[in-house]
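An overview of the molecular structure
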Amino acid sequence: MNYRIIFNTLGKVALVLSALLILPLIISASLGDGCWWSFGITILASAALGFTLMFALKPKNSVFFSKEGVIIVALAWIYVSAIGALPFVISGEIPFYIDALFETTSGFSTTGATILTGEQIENMSISLLFWRSFTHWIGGMGVIVLVMAVMTGTAERGMHILRAEMPGPTVDKIVPRARGTAKILYLIYIGMTIVEIIALIISGMPVFDSIVHAFGTAGAGGFGIRADSIASYSNASQWVITVFMLLFGVNFNLYYLLILRRFRSAFGSRELWIYCGVVVVFSTAVAINVTNQLPFTQGANDGIRHAIFQVVSFVTTTGYSTIPSTSSLNNLPLLSKGLLFVLLFIGGCAGSTAGGLKISRVALLGCAIKKELRRILHPRNANAVKFEGKTVTDEQLHGVTSYFALYILLIAFLFVILSFDNAAGLSIEANLSLSASCVNNVGHAFGVAANGCHMYSWVSKLAMTFAMMFGRLEIYPLLLTLSPLTWIKK
């Protein structure tokens, strides 16, 4: 194993994190909110470690394989979450480290679950609110993808890193070099974020609010700066966020195809049409179910707006809400709650910033079931499976079904851990929905968990922290990194 390339790359991650923390430090110093020193201490600590790892552990060669790739990704995410929590603790605004770690991991993993109450969010310092939402934007496209995009000297065979960090069953190169792919992805990502910020400002949202909500939308995270999430903003702002949640849930490779004017290839994506179909069908069903049934859905216009927003928020795993503070997800009709619970699992497209199983993986699971049914009925016939115009091999189908089995086990394991918690008001509904929410990086939950996770014990919070990281990295990188067998030399 190439240990030097692992820790040298981790040093680069530490330096990039230090550079990113300068932005909230500047905001804090400019506004005088008193948190600049907490960012300063974190920057110095991360930079010192980064320079030490980079210069003390220069790799003899830059070649590495998939084992090193998954370890680099897992350690990088553990590092940014652990260090990114320090400003909250040092400033005293989230004094307990596990709470701060939960909040930061939720940010980087783009989950959006929080241990803060609405009052704590609205009273938090501006710079910390910015950093909290900025973690969504950083984590949306990926920490290591950002390092590859901005730093020279990236190791060879960088696709091992992209495949370990980018969400979905497969990751395709946009251009031959992995670093070039990372740059293109981030240019598209930055461009779309800027367009959303401008659109939100035009819709009447204040500039700072527009920036942090664009970060949350781009990363499919959902951290807000008001107790009622998006509910108190204008209808126009809510529609802007709805549209961009949808756009960021699409495979970014398709946007590159559109830039190249390869419209037939882009719009010929089967996954894209399934994604759009899921949104249309579920939005229609929820709109019919909620219209005139709640105080805030009186009339077709309000019913449709709230239905589409919530469906898109769930399927893209963003986590924003337009439900007023006087109500919650718990007040929705049972059918709507059931449909939204199903969306907790589906997620957006592969290669997007959305979490969940991903549309392509769900489609491939359907293909595997169909193939097995055909095999039972016609055991001697060859049953080739095709998806996106390509033949799906048995190995690929096995990979998808194996991932699904691990995914269900992870949700079940977290659910059991949460069931040990004795906090008042907890229920099976809250624990099950929150378990699915953490693993799928959604943020939404039902029962008492609809109002946050502050009532859970530190053990439950720590378990959810790791579950969010497992979900964002799609289980294998973190699982392999924590396995002793991975580190044994062969």
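Let me begin by describing the structure that accompanies this report. Here the residue numbering is sequential within each chain, running from 1 through the sequence in written order. Note on the predicted model: pLDDT of at least 70 is required for a residue's local features to be given, and 80 or more for side-chain atom pairs to be given and counted; whole-chain, interface and lining totals, by contrast, use all residues. To obtain the side-chain values, all non-hydrogen atoms of the structure were used and water was disregarded.

Okay, the overall build of the chain next. To qualify as a helix, a DSSP run of H or I must reach at least 4 residues; to qualify as a strand, a run of E must reach at least 2; elements of each kind are numbered from the N terminus. Within the chain, the secondary structure is distributed over 23 helices and two strands. Atoms counted for the radius of gyration: C-alpha only. Globule rule: 2.2 Å times residue count to the power 0.38. Computed over C-alpha atoms, the radius of gyration of the chain comes to 22 Å, within 12% of the 23 Å expected from 2.2 N^0.38 for 490 residues, which places it in the range of a compact globule. Taking the principal axes of the C-alpha coordinates as reference, the chain spans close to 70 × 65 × 50 Å. Contact definition: two residues touch when any of their heavy atoms are within 4.5 Å. Of all intrachain contacts in the chain linking residues separated by at least 6 positions in sequence, the fraction that spans at least 24 positions is 73%. Accessible surface area values rest on a Shrake-Rupley calculation with a 1.4 Å probe, where residue burial reflects the displayed protein chains alone. Accessible surface, the chain: about 20100 Å² in total, of which carbon and sulfur atoms supply 67%.

With a phi close to 65°, Asn292 is a non-glycine residue in the positive phi region. Looking at the secondary structure, you find Asn292 in the loop between helix H15 (270-290) and helix H16 (300-315). The partly exposed category is assigned to Asn292, whose relative accessible area is 48%. Residue Ile475 is not a glycine yet carries a positive backbone phi of 70°. For Ile475, the position within the fold is in the loop between helix H21 (458-472) and helix H22 (476-482). A 1.4 Å probe rolled over the protein chains alone gives each residue an accessible area, and that area as a share of the maximum for its type sets the label: buried under 20%, exposed over 50%, partly exposed in between. A residue is classified by how much of its surface remains accessible, and Ile475, at 3% relative accessible area, is buried.

In this analysis the probe radius is 1.4 Å and the grid spacing 1 Å, with only protein atoms considered; a cavity is a set of points the probe fits into but cannot get out of, a pocket is an open set with protein on both sides within 12 Å along at least five of seven lines, and lining residues have an atom within 4 Å of a point. Grid points are joined across faces, edges and corners, and a volume is the space filled by probe spheres set on the points. Applying the stated criterion across every chain, the model contains four cavities of 30 Å³ or more. Taken as a whole, the largest cavity holds about 100 Å³ of empty space. Lining the largest cavity are 19 residues, with Ala354, Gly355, Lys358, Asn441 and Gly471 sitting closest to its centre. Every element with two or more residues in the lining of the largest cavity is listed here: helix H19 (394-419) and H21. Residues are grouped as follows: nonpolar covers Ala, Val, Leu, Ile, Met, Phe, Trp, Tyr, Cys and Pro; charged covers Asp, Glu, Lys and Arg; every other residue, Gly included, is treated as polar. Across the lining of the largest cavity, the residue classes tally to six nonpolar, 10 polar and three charged.

By volume, the second largest pocket is sized at about 670 Å³. Split into classes, the residues belonging to the lining of the second largest pocket amount to 13 nonpolar, 19 polar and three charged.

Taken together, the side chains of Ile190, Ile194, Ile198 and Ile202 make up a nonpolar region of the molecular surface, amounting to roughly 390 Å² of accessible area. Mapping Ile198 onto the fold places it in helix H10 (residues 178-202). Patches in this entry comprise residues that are over 30% relatively accessible and not in a salt bridge; like charges within 9 Å are linked, as are nonpolar side chains (Val, Leu, Ile, Met, Phe, Trp, Tyr) within 5 Å. A side-chain nitrogen of Lys or Arg and a carboxyl oxygen of Asp or Glu constitute a salt bridge if their distance falls within 4 Å.

Grouped together as the largest cluster of nonpolar side chains are 125 residues, with contacts concentrated most on Trp131, Ile138, Phe252, Leu343, Leu434, Tyr456 and Met464. Of all hydrophobic cores here, the second largest spans 10 residues; its members include Leu365, Cys367, Val385 and Val392. The set of buried Ala, Val, Leu, Ile, Met, Phe, Trp, Tyr and Cys residues whose side-chain atoms join them within 4.5 Å is what this entry labels a nonpolar core.

Here the structure, examined in full by the defined rule, presents nine salt bridges. Arg132 is paired through a salt bridge with Glu103; the nearest N and O atoms lie 2.8 Å apart. In this pair, Arg132 is assigned in helix H7 (residues 126-141) and Glu103 in helix H5 (residues 97-108), connecting sequence segments 29 residues apart. Of the two residues examined, Arg132 and Glu103, each falls in the buried class. In this structure, the salt-bridge partner of Lys371 is Asp394, at a minimum N-O distance of 2.3 Å. Residue Lys371 is found in helix H18 (residues 359-377), and its partner Asp394 is found in helix H19; the two are separated by 23 residues along the sequence.

Take the environment of Lys67 next. By the secondary structure assignment, Lys67 is in helix H3 (residues 66-84). Once residues within four sequence positions are removed from consideration, Lys67 is found in contact with Met1, Thr486 and Ile488.

Now for the environment of Arg361. When you line up the elements, Arg361 lands in helix H18. Note on Arg361: relative accessible area 4%, which makes it buried. Taking the C-alpha atoms as reference points, Arg361 and Cys349, 12 residues apart in sequence, are found 9.0 Å from one another. Pairs of N or O atoms within 3.5 Å make up the polar contacts considered here, provided that, within protein, one atom can donate a hydrogen while the other can accept it, and that residues adjacent in sequence are counted only when both atoms are side-chain atoms. Within the local environment of Arg361, its side chain forms a polar contact with the backbone oxygen of Leu357, the two atoms lying 2.8 Å apart.

Glancing now at helix H20 (residues 428-439). Three or four residues apart is the spacing at which side chains of an α-helix point the same way, because the helix has 3.6 residues per turn. With 12 residues, H20 ought to run about 16 Å at 1.5 Å a step, and its terminal C-alpha atoms sit 17 Å apart, in line with that. Among the 12 residues in H20, nine count as buried, and that is most of the element. Every buried residue of H20 is accounted for by Ala430, Asn431, Ser433, Leu434, Ser435, Ala436, Ser437, Cys438 and Val439. On its buried face, H20 sits against helix H17 (334-346), H19 and H21. Just downstream of H20, Asn441 is the residue with a positive phi angle, here 55°. To estimate how far a helix should reach, multiply one less than its number of residues by 1.5 Å.

Moving on: the packing of aromatic side chains. Two aromatic rings, drawn from Phe, Tyr or Trp (for Trp, its six-membered ring), form a pair once their centres lie within 6.5 Å of each other, and the interplanar angle then sorts them: stacked below 30 degrees, edge-to-face above 60, tilted otherwise. In this structure the tally under the stated criterion is 22 aromatic pairs. Between Phe134 and Phe215 the ring centres are 5.3 Å apart and the planes differ by 40°, which places this aromatic pair in the tilted class. Of this pair, Phe134 sits in helix H7 while Phe215 sits in helix H11 (residues 207-218); the two residues are 81 residues apart in sequence, bridging distant segments of the chain. Linked through ring pairs, Phe108, Phe130, Trp131, Phe134, Trp137, Tyr186, Tyr189, Phe215, Phe244, Phe248, Phe252 and Tyr255 together constitute an aromatic cluster. The criterion is that NZ of a Lys, or CZ of an Arg, lies within 6 Å of the ring centre and within 35 degrees of the ring normal, and then a charge sits over that ring. The ring of Phe223 has Arg132 lying over it, and the distance from NZ or CZ to the ring centre is 3.9 Å.

Moving on, we get to the packing of H17 against H20. To define axes, lines are fitted to C-alpha atoms, for helices over the stretch in contact only, and angles between the resulting N-to-C directions are given on a 0 to 180 degree scale. Running from N to C, H17 and H20 point in directions that differ by 35°, and their axes come no closer than 9 Å. Residue-level inspection shows Lys337, Phe341, Leu344 and Phe345 of H17 in contact with H20, the latter providing Glu429, Leu432, Ser433, Ala436 and Ser437. When the residues that make up the contact of H17 with H20 are grouped by side-chain class, the tally is five nonpolar, two polar and two charged.

Attention shifts here to H15. Between its terminal C-alpha atoms H15 stretches 30 Å, which fits the 30 Å expected from 21 residues at 1.5 Å a residue. Every buried residue of H15 is accounted for by Glu271, Leu272, Tyr275, Val278, Val279, Phe282, Ser283, Val286, Ala287, Asn289 and Val290. For H15, the angular spread of buried residues about the axis comes to 155°, placing them on one side. Turned more than 90 degrees off the buried face of H15, the exposed positions are Trp273, Val280, Val281 and Ile288. To obtain the arc, one takes the directions from the helix axis to the C-beta atoms.

It is worth spelling out the environment of Val312 at this point. Position of Val312 among the secondary structure elements: in helix H16. Val312 sits in the buried class, given a relative accessible area of 0%. Sequence-wise, Val312 and Phe244 are 68 residues apart; in three dimensions their C-alpha atoms are separated by 9.8 Å. The contact partners of Val312, leaving out residues within four places of it in the chain, are Thr242, Met245, Leu246 and Val279.

Geometry only, nothing functional implied.
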